[in-house]
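Notes for the structure review
Chain residues, written in single-letter form:
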Amino acid sequence: MSQFDLTDDQKAIQEVARRFTAEAITPHAARWDEAHHYPKDVVQAAAALGFGAIYVSEAAGGIGLGRLEAALIMEAMAHGCPSTSAFISIHNMAAWMIDCFGSDGVKAKYLPGLVSMDQIASYCLTEPGSGSDAAALKTRAVREGDHYVVTGSKAFISGGGVNDLYVTMVRTGGDGPKGISCLVIEKDMAGVSFGAQERKMGWRSQPTAQVNFDGVRVPVENLVGEEGQGFAIAMAGLDGGRLNIGACSLGGGQRALDEAIAYTRQRQQFGRAIADFQATQFKLADMATDLAAARALLYQAAVKVTEGAHDKTMFAAMAKRFATDAGMSIVDRGLQLFGGYGYLMDFPMEKLFRDLRVHQILEGTNEIMRVITARELMRHSN
């Protein structure tokens, strides 16, 4: 990427994702939302384009792209359905963690199925009692011979009860982040169970449930990285996950802007299109400006994460906070331009509003993004 434009290859990747979205996602997203339908067939069709392993290495069967290319794909798919795009993002994060930190054995065992999305993975960090304070997690794994015995629960897990694999942060040592390790746990292992599907405000095209572990015996070979490395692995995954969620907000924000422009051009009030009123034009101009600013910051952060820049974590946090706040604000203003129609399910704005709201909470709340940004500022200013 040059400073101000995408490369031809990046534009081609973006166009593939846009065409797939227009054909396979956008026409069906409202129905999926209303029926709480999980479109597994469409998710697996995305994998056929390589979108199940975007930044998994080519040696492991992925397409080995960078985080900017991943953001372009997530943004394009979120234009059709932020919920479905975010679900695919989470799978990509889990697959990358196995590829980047797993042993040859665990990679050979799981990556072929993850790349094709014949197996789909969830990321399990949050617990009923530890959200923003992730390092306080309680789920425990005690080693007994060739197995870890895992006991505990994880909350708000996308794909819970449906997905095949759960990349799970567990406590193998003492309190704090250095006592945390990462295990791949299979859905069908004895002792794995799931809570009821959560009744959510948005993100209704993807299942979400609590995941419970009751003395689950997990082979030691399913350890990702070394004992005690789990928290660092989880945080490394979140740098990319935050970019993807920010990109999903960009896609939703772009859709809201596109819909608002089209609607205000055809909606007549006082004998003229409401797009002709300066108040409407100012609102649209501000929406477009905020979207462009968020996109520029997120793309810059994506390049920094790909290159391993010293300030990549700070930029990922800043971009996630800014893009998700901007996306929500853009959708809110777009809904207002629709007036009462914006509040109806017959139009896309209310679904966008519901889907984008959670982006300000997950992958680290936007309050925590400010904490990370401030901490990194202080660290780099020494």
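Residues numbered from 1 in each chain as written. Predicted model: local features only at pLDDT ≥ 70, side-chain atom pairs only at ≥ 80, totals over all residues. Heavy atoms only, no water.

Moving on: the overall build of the chain. Within the chain, the secondary structure is distributed over 11 helices and 10 strands. By principal-axis analysis of the C-alpha atoms, the chain measures approximately 80 × 50 × 40 Å. Across the 382 residues that make up the chain, the buried fraction comes to 54%. Considering only residue pairs separated by 6 or more positions, the chain has 73% of its internal contacts joining residues 24 or more positions apart. Total accessible area computed for the chain in this model is approximately 16,100 Å², and 53% of it derives from carbon and sulfur atoms. Taken as two groups, the 37 positive and 43 negative side-chain charges of the chain have centres that lie 5 Å from each other. (Helix = DSSP H or I, 4+ residues; strand = E, 2+ residues; numbered from the N terminus. Buried < 20%, exposed > 50% of the residue type's maximum accessible area, 1.4 Å probe, protein only. Contact = heavy atoms within 4.5 Å. Areas by Shrake-Rupley, 256 points an atom, 1.4 Å probe, with all protein chains shown as cover. Lys, Arg positive; Asp, Glu negative; His and termini not counted. Charge placed at Lys NZ, Arg CZ, Asp CG, Glu CD.)

For the rest of this paragraph, the subject is helix 5 (residues 82-101). Over its 20 residues, helix 5 runs 28 Å from end to end, which matches the ideal 28 Å to within 8%, given 1.5 Å per residue. Where burial is concerned, most of helix 5 is hidden: 18 out of the 20 residues are buried. (Expected span 1.5 Å × (residues − 1).)

Turning next to the packing of helix 5 against helix 7 (residues 230-266). At a minimum axis separation of 9 Å, helix 5 and helix 7 run at an interaxial angle of 155°. By the angle between their directions, the pair helix 5 and helix 7 is classed as roughly antiparallel. As helix 5 runs across helix 7, the sense of the crossing is right-handed. Here helix 5 contributes P82, S85, A86, S89, M93, W96, M97 and F101 to the contact with helix 7, which in turn contributes I233, A234, A236, G237, L238, G241, N244, I245, C248 and G252. When the residues that make up the contact of helix 5 with helix 7 are grouped by side-chain class, the tally is 12 nonpolar, 6 polar and no charged. (Axes fitted to C-alpha atoms, helices over the stretch in contact; angles between N-to-C directions. Parallel < 35°, antiparallel > 145°, perpendicular 65-115°, else oblique. Left-handed = near helix turned anticlockwise from the far one by under 90°. Nonpolar A, V, L, I, M, F, W, Y, C, P; charged D, E, K, R; others polar.)

Our focus in this paragraph is the pairing of strand 5 (residues 180-186). Of all 7 residues in strand 5, 6 are buried; the element is thus mostly enclosed. Pairing analysis gives 7 bridges linking strand 4 (residues 165-171) to strand 5, with the strands arranged antiparallel. Counted as the bridge partner of R171 is I180 from strand 5. When strand 5 meets strand 8 (residues 223-224), the two strands line up antiparallel, connected through 2 bridges. Each residue of the ladder has a partner; that of C182, found in strand 8, is V224. (Pairing = 2+ DSSP bridges.)

Right, let's get into the pairing of strand 1 (residues 121-124). Across the two faces of strand 1 the burial is the same, with A121 and Y123 and S122 and C124 all buried. Strand direction decides the pairing type here: strand 1 and strand 4, joined by 4 bridges, are parallel. Bridge pairing links S122 to Y166 in strand 4.

Shape descriptors only; they carry no functional weight alone.
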